[in-house]
Every structure is written in structure tokens, then in C-alpha cells.
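Here is what each chain is made of, one letter per residue.
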Amino acid sequence: MNHASSAQPVSDDVLIPTVLHWGRYTARVRNGRVVGMTPEPRDPNPSPIGQSVVDATHSPARVMQPMVRKGYLTHGPRKGNNPRGAEPFVPVSWDEALDLVATALTDTKTKHGNASIFGGSYGWSSAGRFHFAQGQLQRFLNLFGGFTDHRDSYSYGAMGVILPHVIGDTLRMRRDVPTWGDIAKHTQLFVAFGGVPVKNTQVNPGGLLRHTAVADMLACRKAGVEFVNIGPLRDDIANGLDAQWISIRPNTDAAFMLALIHTLIAENIHDADFAVRCCVGFDTLRDYVLGKTDGIAKTPAWAATICDCSAEVIATLARKIAASRSVISMIWAVQRGDHGEQAPWLAVA
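The model shown is predicted, which means the values in this text are computed figures rather than measured ones. (Residues numbered from 1 in each chain as written. Predicted model: local features only at pLDDT ≥ 70, side-chain atom pairs only at ≥ 80, totals over all residues. Heavy atoms only, no water.)

## Concerning the pattern of salt bridges
Line of reasoning, step 1. Summed over the entire model, instances satisfying the criterion amount to 13 salt bridges.
Line of reasoning, step 2. For Lys320, the salt bridge goes to Glu226, with nearest N and O atoms at 2.6 Å. Of this pair, Lys320 sits in helix 14 (residues 311–323) while Glu226 is found in strand 7 (residues 226–230), placing the two residues 94 residues apart along the sequence.
Line of reasoning, step 3. Close ionic contact of Asp273 with Arg277 constitutes a salt bridge, the shortest N to O distance being 3.2 Å. Placement of both Asp273 and Arg277 in helix 11 (residues 272–278) is noted, with a separation of 4 residues, approximately one turn of the helix. (Salt bridge = Lys/Arg side-chain N within 4 Å of Asp/Glu carboxyl O. Helix = DSSP H or I, 4+ residues; strand = E, 2+ residues; numbered from the N terminus.)

## Some words on the pairing of strand 2 (residues 23–30)
Line of reasoning, step 1. Direction of pairing for strand 1 (residues 14–20) relative to strand 2: antiparallel, over a ladder of 7 bridges. From the neighbouring strand, Val14 faces strand 2, where its bridge partner is Val29.
Line of reasoning, step 2. Counted along the chain from strand 1 to the antiparallel partner strand 2, the turn is 2 residues long.
Line of reasoning, step 3. Bridging between strand 2 and strand 3 (residues 33–39) involves 6 bridges; their strand directions are antiparallel. When the bridges of strand 3 are listed, Arg28 appears paired with Gly36.
Line of reasoning, step 4. The hairpin formed by strand 2 and strand 3 contains 2 residues between the paired strands, and Asn31 there has a positive phi angle of roughly 55°. (Pairing = 2+ DSSP bridges.)

## Quick notes on helix 10 (residues 253–266)
Line of reasoning, step 1. Taking 1.5 Å of rise per residue, 14 residues should cover 20 Å, and helix 10 covers 20 Å from first to last C-alpha, within 8% of that figure.
Line of reasoning, step 2. All buried positions along helix 10 are accounted for by Asp253, Ala255, Phe256, Met257, Leu258, Ala259, Leu260, Ile261, His262, Thr263, Leu264 and Ile265.
Line of reasoning, step 3. Looking one or two residues beyond helix 10, the residue adopting positive phi is Asn268, at roughly 55°. (Expected span 1.5 Å × (residues − 1). Buried < 20%, exposed > 50% of the residue type's maximum accessible area, 1.4 Å probe, protein only.)

## Overview of the packing of helix 10 against helix 14
Line of reasoning, step 1. In the contact formed by helix 10 and helix 14, the axes pass within 9 Å of each other and the chain directions differ by 60°. The angle between helix 10 and helix 14 falls in the class oblique. For helix 10 against helix 14, the interelement crossing comes out right-handed. Mapping the contact onto sequence places Phe256, Ala259, Leu260, Thr263 and Leu264 in helix 10 and Ile314, Ala315, Leu317, Ala318, Arg319, Ile321 and Ala322 in helix 14.
Line of reasoning, step 2. Looking at the contact of helix 10 with helix 14, its residues break down into 10 nonpolar, 1 polar and 1 charged. (Axes fitted to C-alpha atoms, helices over the stretch in contact; angles between N-to-C directions. Parallel < 35°, antiparallel > 145°, perpendicular 65-115°, else oblique. Left-handed = near helix turned anticlockwise from the far one by under 90°. Contact = heavy atoms within 4.5 Å. Nonpolar A, V, L, I, M, F, W, Y, C, P; charged D, E, K, R; others polar.)

So yeah, pure geometry; function would need other evidence.
Listed below in C-alpha cells is the structure:
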């Protein structure tokens, strides 16, 4: 907790409500300086990250005005011996900065066309929509004649590309994800690849009024839901859930999932009728898992050496998944590794 957040109120303090990515707070401003951040009183689990605003707002590391690389300011772009990263930045006025940007954009458009202007600016920016940097920049560049945009997302890029080929509309998939209330009511087993890190639940592009994920998960546990956390970190799931932790090497989730599928098929505890009647390509997956394609059966013993875990633990979990009303969960971080499309594809399988 930031020491400044406990500043005592005085008569001339100004209280300003604000919403951050980490939730809603009331900023306490004294003589033009932020001296405290009070979380929304109705938030049962406010994120402590919001308190960092007190120091960050007035940090000497904060860039308070436009800064231009010295060589660029002196010689212009790509002229002279101006090694990037080795020379200082020089403060300039907003008028001067705007002139530099306008000149660079106009020259680029004239010489190379609008397609040579990259308007990515990928990032969350403000918690609100009006000050969302990417939206404002791209609106401006559209008025300037257009730009080159980025494709997909590095947040869930592999998953976003592969899943349309597997289940169709991924946006619908996100809308149809069961709520914690649904899970508490209908689920017996919650299997979480990568866990459900509490810190992740406290971040939201638009800001949250109430952080309820921990309370919701505890309510699921109270209703009888069992949790399994599969990943290298034990604390990637909330305390109090009595979660089983299966430790595996990072980026070996796909091997683990293949072994689960092998057990389901080899022991005939999968829904074969559904797989054949409602799925396309199940025979291809089955032959690969059983080793008919490459001679390597994807057994729990095979996966155990890759994942550095117990083969019996994998097989036991597969049987439990088949015997229970189960939810399979996978956090986005799992698909950010090499061959990241494999894990979400197999999670669906």
C-alpha cells in the first residue's frame, strides 16, 4: 500500500471521482497534487494497484511535455550519425511537437502514400472510450486519408486466429462463457489451465465498479465445485478453494491435454457418438492421439516426461473429467508461447 494513500483529509482537499483499469476510486487532491486514492466503498476487493497513481502522477520519471530525440530535432529523420537509444531527448513545446508531426506525416504521405503510415498504437490507454489513444489516433489518420492498421492482437493472437477454424465465431464463444453463478449451480469440476490468477481478474479495459471474482469463486467452492490448477505457479488461483495443484513445465499444456484425450479415448469414457455425429475431424485427432499417425501414442506416460508431472495424475484427472460435469478453462497466457495455437485448439477438443 502506498504510504501517501493514507494521507489525512484537510479542509481544502478536493475529491475527484475517477475510473482506472483497476477499478473506481476517489482521488484526493491537495494543492494540485494527488495525495490519496480511496477505492469505491462498494468494491469488496479493490485492487491495490490503484494506489500507485499517487506516486506515479508526480514521479520525476513521468514525461510531462513532448520530448524529441536530439538528432531528429537537429537534423530531421534519418539524417546524420544519430544512433537511437544513445542520445538524449530534448523537451519542446506542444506547438513545435505538432509541427514536427505534421511535417513528417505530410512528407510521408506525399512520397509514399497513406499505406506507409502505421496507425497501430496498440494498447489500452485510458479506461474510458473517448480518450482511448488507438481510437483517437485512427480517427485522425482516417481523416488524413487512411493508414496501415495491425491485424489481430498480441493479447490472444494465436487463439483468435485458430479458433474461428475450430468453433466458428470466437466473439460468440466469449459471450457464451458461463458466469460464476452458472458454474456454482451446474458444475462439479473446474479445470483451469494456467489457473485463474486473482491479479488478472482485477484488470479491465473499462474499469470495474466491484471486484467480485474471488467471492464468486469461493461461492462456487461452497456449492461443491472442485478446482484444479494446472500450471507452474501454485498461487495462480485464489486461496480458500482447496484447489488441486498440478505443476507442469511452462508451455507443455498441449502435451498434457493430448494425454487427457488419450485416456478418454483409450478407456472409452468419451462421448463417441457425439464426437462422430457433431464434430468434424475427430477420426484424425483420434488416430494422432492413439499413435496411428506417427507411431507415438500420446499416453499419460509420454506426456509426463514432457510436462514433468505424474502420469497417474493425468490419467486420474481425465477419468474425473469424464465422470463429472466439468468446465475446462484456459487463460490467455497459455497461448502466448511457441506454437500457441495448439493449447486452445486442444482445450476445445
